[in-house]
Amino acid sequence: NSPGSALELVKCVFLSRYPISYFFPVSAPISDATSVAPGPPSKEPKQIQIKQESIQAFPVIVSVRSEKEESVLHETVKEENGEDRDEAETENSSDTDDSADWTPSAESPTPQTLHNQSFLRNDHLKSHMRTHTGEKPFRCSVCAKSFSLNCELESHMRTHTGEKPFRCLDCAKEFTLRGNLQRHMRFHRGERPYRYSVCEMSFSLNSDLKRHMRTHTGEKPFTCSLCGKSYSENGILTKHMRIHTGEKPFRCSDCGKSFSLNCELKSHMRTHTGEKPFTYSVCGNTFLENGSLKVHMRTHTGEKPFRCSVCEKSFSFNYKLKSHMMTHTGEKPFRCSEASAETGALD
């Protein structure tokens, strides 16, 4: 019962559960066939030849995090690999804060590399095993959506309660998820970690980089299931779908009028407030909308972007081009109602 024998017992038990190969790469065993040829004894020991073989060793990662800390990884990956929310939709809608911007790197843990993970507590292992089995025992009482971890359910519940516990210290903007706040902080710090190698442009969010890349490739992966029209951004498709559904989720609090786009509501609100934020520096005229300012600028610049395809005559305004086209088509859409009544009486 000496301390030395107790230490040896602990060492034997430890090595029986955790072989030394878990902690150090294993080289090829010494070949039994290698032997020293018989001969006279020498003072210098013979060098034993060891056959070199490449053996890949997989070290074990031991996690000492709690279940809640362990799940932060899953929350961040799931949150940032969610659906592609485009910045254009975010600007025109108040119902989303998120933008996917996480891309796996060589250092990033993935489900393929986590299968060699070990845990100090059995409940941590059980939580981890759900990433393999797909078990989702935590169910939302509002929408019945299920989750693998309780902390994921807690984060999801904020979408129902509207709780936003993560606040930006610079501008006081609030977020439902920590990852959203972290991405938001890049705008304050001026960080642009995502660079496009073709044009060298940099972006704060990976989703912005992906969206920009489509301007080079011409890719339009978001297709309307009703009319087949395709778009480069998911947010634009979402707006387009309201044409088919007739949905108008943005309502004026003053007159109750509804709009399909948030930007349309903002423009409409200026008719109540009288605000005219768009000013032309040449003449000082102000306008409710930026489009009205651009149209007015043509009266100063003489620009005529609307060209007739028949005679190539140009016009400053689209409505003037439409009126001109009737001289070619012979169309006369405006009929006198009195003349029609007299013709009917004569008949």
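Residues numbered from 1 in each chain as written. Predicted model: local features only at pLDDT ≥ 70, side-chain atom pairs only at ≥ 80, totals over all residues. Heavy atoms only, no water.

**Things to note about the nonpolar core**
Here is the rule: Nine residue types can take part in a nonpolar core, namely buried Ala, Val, Leu, Ile, Met, Phe, Trp, Tyr and Cys, and a core is a set of them joined through side-chain atoms within 4.5 Å. Think of it in three bands: residues with accessible area under 20% of the maximum for their type are buried, residues over 50% are exposed, and the middle band is partly exposed, with areas taken using a 1.4 Å probe on protein chains only. We call two residues in contact when some of their heavy atoms are within 4.5 Å.
Counting five residues, the largest nonpolar core is built from F166, C168, F175, L181 and M185. Not counting the four nearest positions on each side in its chain, M185 is found in contact with C168 and D170.

**Some words on the environment of P193**
Put simply, the test is: Strands here are runs of E lasting at least two residues and helices are runs of H or I lasting at least four, both read from the DSSP assignment and numbered beginning at the N terminus.
Along the polypeptide, P193 turns up in the loop between α6 (178–189) and β7 (194–195). If we ignore the near neighbours within four places in the chain, the residues touching P193 are R186, F203 and S204.

**Considering the UniProt feature "domain: C2H2-type" (unreviewed entry) in the protein chain**
Definition in use: UniProt positions are given in the numbering used here, feature names are shortened, and annotations may be inferred rather than shown by experiment.
Per the UniProt record, "domain: C2H2-type" (unreviewed entry) is found at residues 116–137, 138–165, 166–193, 194–221, 222–249, 250–277, 278–305 and 306–333. For residues 138–165, helix accounts for 43% and strand for 14%, while the C-alpha atoms at its two ends are 21 Å apart. Helix makes up 43% of residues 250–277 and strand 14%, and the two end C-alpha atoms of the span are 21 Å apart.

**A few points about unusual backbone geometry**
Even without a glycine there, the phi angle at A172 is positive, about 70°. Relative to the elements of secondary structure, A172 occurs in the loop between β5 (166–167) and β6 (174–175). Backbone geometry places E312, a non-glycine residue, at a positive phi of 65°. Residue position: E312 is located in the loop between β15 (306–307) and β16 (314–315). Residue classification places E312 among the exposed residues on the basis of a relative accessible area of 53%.

**Notes on the side chain of S314**
Turning to its location among the elements, S314 is positioned in strand β16. Classification of S314 by relative accessible area gives buried; the value is 19%. Here S314 is in contact with K304, F306 and R307, once residues within four sequence places are set aside.

**Concerning the confidence of the model for the protein chain**
Predicted coordinates in regions of low pLDDT should not be interpreted in detail. The following threshold applies: Per-residue confidence from the predictor is reported as pLDDT, a score between 0 and 100.
When pLDDT is averaged across the protein chain, the result is 74; 64% of the residues are at 70 or more. The secondary-structure element of the protein chain with the lowest mean pLDDT is helix α3 (residues 87–92), recorded at 37, while strand β10 (residues 230–231) shows the highest, at 94. Here residues 26–39 is modelled with pLDDT under 50, and outside its nearest four sequence neighbours on either side it reaches 13 contacts, counting other chains as well.

**Regarding helix α5 (residues 150–161)**
The condition is simple: By this rule the span expected of a helix is its residue count minus one, scaled by 1.5 Å.
A rise of 1.5 Å per residue sets the reference length of α5, with its twelve residues, at 16 Å; its end C-alpha atoms lie 17 Å apart and thus fit the reference within 8%. Trailing α5 by a residue or two, G162 shows a phi angle of about 80°, which is positive.

**A short note on the pattern of salt bridges**
Applied cut-off: Here, a salt bridge means any Lys or Arg side-chain nitrogen found within 4 Å of an Asp or Glu carboxyl oxygen.
As enumerated under the stated definition, the model contains six salt bridges in all. Here E174 makes a salt bridge to R167, at a shortest N to O gap of 2.3 Å. For R167, a relative accessible area of 46% gives the class partly exposed. Ionic pairing is found between D208 and R211, a salt bridge with its closest N-O pair at 2.3 Å. Residue D208 and its partner R211 are located together in helix α7 (residues 206–217), separated by three residues, close to a single helical turn. As far as burial versus exposure is concerned, D208 and R211 are alike and both buried. What emerges from the salt-bridge pattern is a single network uniting D208, R211 and E233.

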